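These are the residues of each chain, in order.
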Amino acid sequence: DGGITQSPKYLFRKEGQNVTLSCEQNLNHDAMYWYRQDPGQGLRLIYYSQIVNDFQKGDIAEGYSVSREKKESFPLTVTSAQKNPTAFYLCASSTDYGYTFGSGTRLTVV
Amino acid sequence: QQQVKQSPQSLIVQKGGISIINCAYENTAFDYFPWYQQFPGKGPALLIAIRPDVSEKKEGRFTISFNKSAKQFSLHIMDSQPGDSATYFCAASMKRSGGYQKVTFGTGTKLQVIP
């Protein structure tokens, strides 16, 4: 079955540590996205990529970085510069008919 | 101008009743209006969508009503069931190129259907 796989499902980060969230898709979609979800705030766009080796900042990119070396993969790194990283992170890809989301990674600072 | 305002924030409906969630937008360049359903601990899933050239779209118990002049659209869930309990997001988007969409999401409505 085609879809988006995010891993890990749960991730714990210590203060000052960088962590990387994985996102892999087998839908052959060009466009991919990372969203952050906080209670009561809906979905906020972190980064998006329209094609391989190209990506753009979204609305809340500070403290995050991404890469797009392969069409299938769009990993997100949460750096130590992100002061409030505890959230639910969603990866998505899209066609003309809307988004397909992964199951998310819940990141907690310990 | 990019905002999509969604209400109510939470909704409790009895089984068999009608659930209604409303959204309003400002940017007339939006050309695609999807609704997403999200269960706890899962990613949102596309439920139903409409383009602005139609006023209503129905899929099973789910109906989108669209009022272009008022820049409002709503989701109606008929015969609501406990299994419909989830968070619902409205969204508005503009297609750019190559499948990329600039999507603006509402803040979500948490629906609880009680037996």
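To start, this report covers the structure provided alongside it. (Residues numbered from 1 in each chain as written. Chains lettered and ligands numbered in written order. Predicted model: local features only at pLDDT ≥ 70, side-chain atom pairs only at ≥ 80, totals over all residues. Heavy atoms only, no water.)

Observations concerning the overall build of chain B
We apply this condition: Only DSSP runs of H or I reaching four residues or more are called helices, and only runs of E reaching two or more are called strands; each is numbered from the N terminus. Atoms counted for the radius of gyration: C-alpha only. Globule rule: 2.2 Å times the number of residues to the power 0.38. Only protein chains enter the calculation, and the probe is 1.4 Å; a residue is then buried if its accessible area is under 20% of its type maximum, exposed if over 50%, and partly exposed in between. The contact definition used throughout considers only heavy atoms, calling two residues in contact when any of these lie within 4.5 Å. Methods summary: accessible areas were calculated by the Shrake-Rupley approach with a probe of 1.4 Å, and residue burial reflects only the protein chains presented. Neither His nor the chain ends is counted toward charge; the positive residues are Lys and Arg and the negative residues Asp and Glu. Here the site of a charge means NZ on Lys, CZ on Arg, CG on Asp, or CD on Glu.
Scanning chain B from N- to C-terminus turns up 0 helices and 11 strands. Ordered by position from the N terminus, the helices and strands of chain B form the series β-β-β-β-β-β-β-β-β-β-β. Expected size for 115 residues packed as a compact globule is a radius of gyration near 13 Å; at 14 Å, chain B falls within 12% of this value. C-alpha extents for chain B along the principal axes are approximately 45 × 30 × 25 Å. Taking all 115 residues of chain B together, the buried fraction comes to 47%. Counting contacts in chain B only where the partners sit at least 6 residues apart, residues at least 24 apart contribute 53% of the total. Surface exposure of chain B reaches about 5,600 Å², of which carbon and sulfur atoms provide 50%. With 13 positive and 7 negative side-chain charges, chain B shows a separation of 6 Å between the mean positions of the two kinds.

Examining the overall build of chain A
The secondary structure content of chain A amounts to 0 helices and 11 strands. N-terminal to C-terminal, the α/β element order of chain A is β-β-β-β-β-β-β-β-β-β-β. Computed over its C-alpha atoms, the radius of gyration of chain A comes to 13 Å, within 12% of the 13 Å expected for a compact globule of 110 residues. Once the C-alpha set of chain A is aligned to its principal axes, its extents read approximately 35 × 25 × 25 Å. Burial status across chain A gives 49% buried among its 110 residues. Sequence-distant contacts, at least 24 apart, represent 51% of the contacts inside chain A between residues at least 6 apart. In chain A, 11 side chains carry a positive charge and 11 a negative one; their mean positions are 9 Å apart.

Focus: the environment of A:V109
All names here are of chain A. Its location among the elements puts V109 in strand β11 (residues 105-109). Taking the C-alpha atoms as reference points, V109 and R13, separated by 96 residues in sequence, lie 4.7 Å from one another. Non-local contacts of V109, meaning those with residues more than four positions away in its chain, are made with R13, E15, P85 and T86.

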